[in-house]
Structure formats: structure tokens, C-alpha cells
Amino acid sequence: MSEAAHVPFTETKAPESAERLHKGALGLIDISASTMANIGPAYSFYFGFAGIVIAAGLGSPLVLLVAIVAIALLGNTLSEFSRAHPSTGGFITFVGKTFGGTSAVTTALVAGIGYIIAISSVLVISGGFLSIMIQYYTGTNVPWIIFSAIFTAGAMVMMFRGVAVSTKLAGFFFGFELLVLLVVSVALLIKNGGHLSGVPFQPSHVLNGFGGLGLAFPLAVYLFIGWENSAALAEETNNPRRNVPRAVFLSVALMALTYMLVAYATVSGFHYSATALTAPLIPFISAAHGVAAWLAFIGYMAGLTSTLGVLIAAVNSQCRLIFNAGREGLLPRWIGRVHPVRRTPVNAIITFVAIASAITLGWALGHWIGGHGNSLDALTFFFESSTMGTIMILFVYLASNVALPFYYRRYRPAEFNPVKHVVLPALGVVAIAIPIYYLFKPGQADPYDWFPWMAVGLIVVSVLYSIWLVSRDPGLGDRVGSIVADE
């Protein structure tokens, strides 16, 4: 056994150019489509909007508008970082480069945990949605786990083949769902044209005022999770300093317009009745069925392609975060290996999906042991895991906003702009603090009441581990951001 085999992974240098991804394989349209596929407007809206209506009532479209402003503020932070230091590590690189090795390892662990928990909800709902669709049209109950396993395996094969192939497939799925959402929404507006009004955008119709807005706000933010996808694809993007920021704002803008149209059309389709809106499992499809049965069918198909697009796009981008952390020595180096021919992060993809699958199994065992085996449906897991994952991810967003002004003052003082680098990220901190507050607020239903404290526990453990790791390898901080996307 070689001497290097006895050295902890953190005490080795980051791999050199042999572990580089396929540079220049993607263009602006590719990463924008992948980002919007990761957001998955049909997937997110179908299962998220009813919860927003329950919390905020008929003023739900107004809540979405507030969430759009918050995401735009975050978009400024990501764009400014990517313009200065494009990196596959995304937020991990940005926070670590600003505050040092301990923060880098902590962010790598927190982001990795959050995204893996969140992606487990996608693995499950990809099969769960098809199971729901088959049940609706045939009355046959096919276990969702069968479809989930097939879809996950197929998505992994596409990702192994290459980033261009898998990204274009995710983009194709997104294109179909976007077309369906627009067609159905226009049909709803035409049918209900006689009683359209501005009720959904009037603050007086937000249930319980600011309290209802605050309660619904985290759910509205969740609809946009994935907006940061393009940053992790920087190394494979041509001219990332220009195209990544453009992709961020292009994606957020198009998704904002889509959500506002679909939300308004859905509320109008139920004649401004909050009670009617929250009665069906998927309000949008129910409203589409009220216009024509074939619209409901293509609505279901859009939901299915949306979940598959999210599965591919999310794993593609998010696994690259832990890949880069492994490549730079923040996590075990074997995670940072690429396929010698296809230049894909195969080990990171396998690790990402394997841990997500293990989380799903652990959740199922927990329900069985706790005597709740009858609640092992895909939707229950979706809501629980997506909430837990979102809590972790929100802390990463928060840290990145705090880091931006310090980064520019330290590394690019000549470009420092008080508005872009202080005012906007400060507003971003406030925007993220609101959903964090309401997720931690006492009175949540079980098991959501202990999710925030579980998140805090994971963060504390991550910090302690990071301190220990950096004490063993003081040079770790110097490797953060050492691999720049366009160099």
C-alpha cells in the first residue's frame, strides 16, 4: 500500500486538470432550460399551490409576487458571485472563499444534506405521480416505488452519458410542461373571462393578513427551489461569467411570469373560492377538467414530464456541488472523480442518489416502527422531505447573502457597489429570515415541529466536524475555489 493511502483525504492536494468536467459543452439556452427544468413549474405548482391557498387564502398570487421579489434578491447575490468567480462549487465556493476553510466544509455538508434530502422527495414523487395518474384513469393501484426505481435508474443512465445529452432531455421535458401550463391557463381565462377581477392581488384577501403571508411565504419560496442550478454548471458552460448571471435572471423572470399566470388562472377557475380551491388533490388539473377532459389529461402528462425533468436537472446540478467539494479536498476525493471519456461526475451522481434512496428507506422504516405504516404514500413523503430539505437550503442562501459584501470588499474592492453588494444582499437576508422564522415558529404539526431543530443539530455537527477537519489540515481553506470554471 502506498504512503498516500495512509494520508487523510483532506491532507492531499486537490486533483489537477484530469478531473475537469466537459468545458464549453453548454450554452446560455442549455443552462437556462436546465434551471427552469430544475424548478419544475408543473411539479412545484401542482403540489405546492394548494398549501399556499390554505395558508393565505385567495391572496395567494400576491404571496407568489412577494416570493418572486425575494428570489430576485437572491439572484443578484448568485449572479455577482458567478460573475467574479464562476465555480462548479456554487454557494460552497462563494461562502468558503469569503470566510475560510471551516465555512467551506460546513457549507458543503449543509448544502449537500439539504439538497440530498430535497432530491429524495423528487425520486419518490416521480413514481408517485405516475401512480396517481394510473389510479385516476384506471382505478388500479400500482406501488409508486416500482416507477420511482425505473425512472431513477433511467435518469442516472442519461446523466452518465454526458451533460449535454441529459441537459437537453431535461430541457425538452420543460418545454412540454411549459406549453401545457400556458395552453391550459389561457383556456381557463377564456372560459372564465366574464368574471375576472383583481381580487387575488388585493392585500385584504390575504388570509390573516401578514400572519397568513408569513405562513405561506416559505411554501411560495419552495416553488422556486432550483433557481440556482446554472451556477453549478459553470465549468461546462461557455463564457460562464456572462452566461450564468444571464441564465439566473432569465430563468427567474420566465418562471415568475409563468407562476403568476397559472396561479391567477387557477384561482379564477374556481370562481375565487378558497374552499373549492383546496378540495381537489391537484387544483390546476381539476380546473382544467372543468374546461375539457383532454386538457386534464395533458395536464397530467405535463406533471409527469415535469417530475422527470426535475429529477434529471436537479441531480445533474446538485451532485456537482459535492463533486467539486471532493475534487478540492473538502469531502472525500473519490467523490471528485470524473468518467475518463464522458467527463461526467459518476461517483458524485451515484453517491447523491444512493444517499437519497437510503433516506427514503429510513423514512419508511421510521413510519413502520412508529406505527404509521399506513401513511407511506408518495405525497406524504414529498411534503415531509421537501420541507426538511428546504430548511437546510435556506441557511445556505442566508450565508451566501451575508458573504457577498465581505467577498467584494476583500477580493474585488475596485468593483464594490454599495447597492449591489450591501443593500440588495441585506434585503435578501431579510427575505430569507422570514421563511426561516415561520418554519421555526412553535405550533407546527408533527413531524414538522421537530424538523427545524433537527436542522440546527445537523448544522452544529457540521460546524464541529469542520473545525476538527481544518485543524488537521490548515491548508484546506486555500483549496476552496482553486478550480475556476473558465480557467
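Scoring rules and cut-offs
- Residues numbered from 1 in each chain as written.
- Predicted model: local features only at pLDDT ≥ 70, side-chain atom pairs only at ≥ 80, totals over all residues.
- Heavy atoms only, no water.
- 1 Å grid on protein atoms, 1.4 Å probe; cavity = no way out; pocket = protein on both sides within 12 Å on 5 of 7 lines; lining within 4 Å.
- Points joined across faces, edges and corners; volume = space filled by probe spheres on them.
- Helix = DSSP H or I, 4+ residues; strand = E, 2+ residues; numbered from the N terminus.
- Buried < 20%, exposed > 50% of the residue type's maximum accessible area, 1.4 Å probe, protein only.
- Phe/Tyr/Trp six-rings, centres within 6.5 Å; stacked < 30°, edge-to-face > 60°.

**Observations concerning empty space enclosed by the protein**
Step number 1: What the rule picks out here adds up to two cavities of 30 Å³ or more.
Step number 2: Volume-wise, the largest cavity comes out at about 110 Å³.
Step number 3: Forming the boundary of the largest cavity are 13 residues, of which N38, V122, Y222, I225 and V310 lie nearest the centre.
Step number 4: Elements with a minimum of two residues in the lining of the largest cavity: α1 (28-39), α2 (41-56), α5 (101-138) and α13 (293-327).
Step number 5: For the lining of the largest cavity, the element with the highest residue contribution is α5, accounting for four residues.

**Here's the deal with the environment of G175**
Step number 1: With respect to the helices and strands, the residue G175 is situated in helix α7 (residues 163-191).
Step number 2: Separated by 15 residues in sequence, G175 and I190 place their C-alpha atoms 23 Å apart.

**What about unusual backbone geometry?**
Step number 1: Positive phi, close to 55 degrees, is recorded for H271, a residue that is not glycine.
Step number 2: Relative to the helices and strands, H271 is located in the loop between α10 (240-269) and α11 (274-277).
Step number 3: The exposed category is assigned to H271, whose relative accessible area is 52%.
Step number 4: Although it is not a glycine, R343 sits at a positive phi angle of roughly 55 degrees.
Step number 5: With respect to the helices and strands, R343 occurs in the loop between α13 and α14 (346-369).

**So, the packing of aromatic side chains**
Step number 1: Following the criterion strictly, the structure yields 33 aromatic pairs and no others.
Step number 2: On the numbers, 6.1 Å between centres and 50 degrees between planes, the contact of F172 with F173 is tilted.
Step number 3: Relative accessible area serves as the criterion here: at 58%, F172 is assigned to the exposed category.
Step number 4: For F173, a relative accessible area of 15% corresponds to the buried category.

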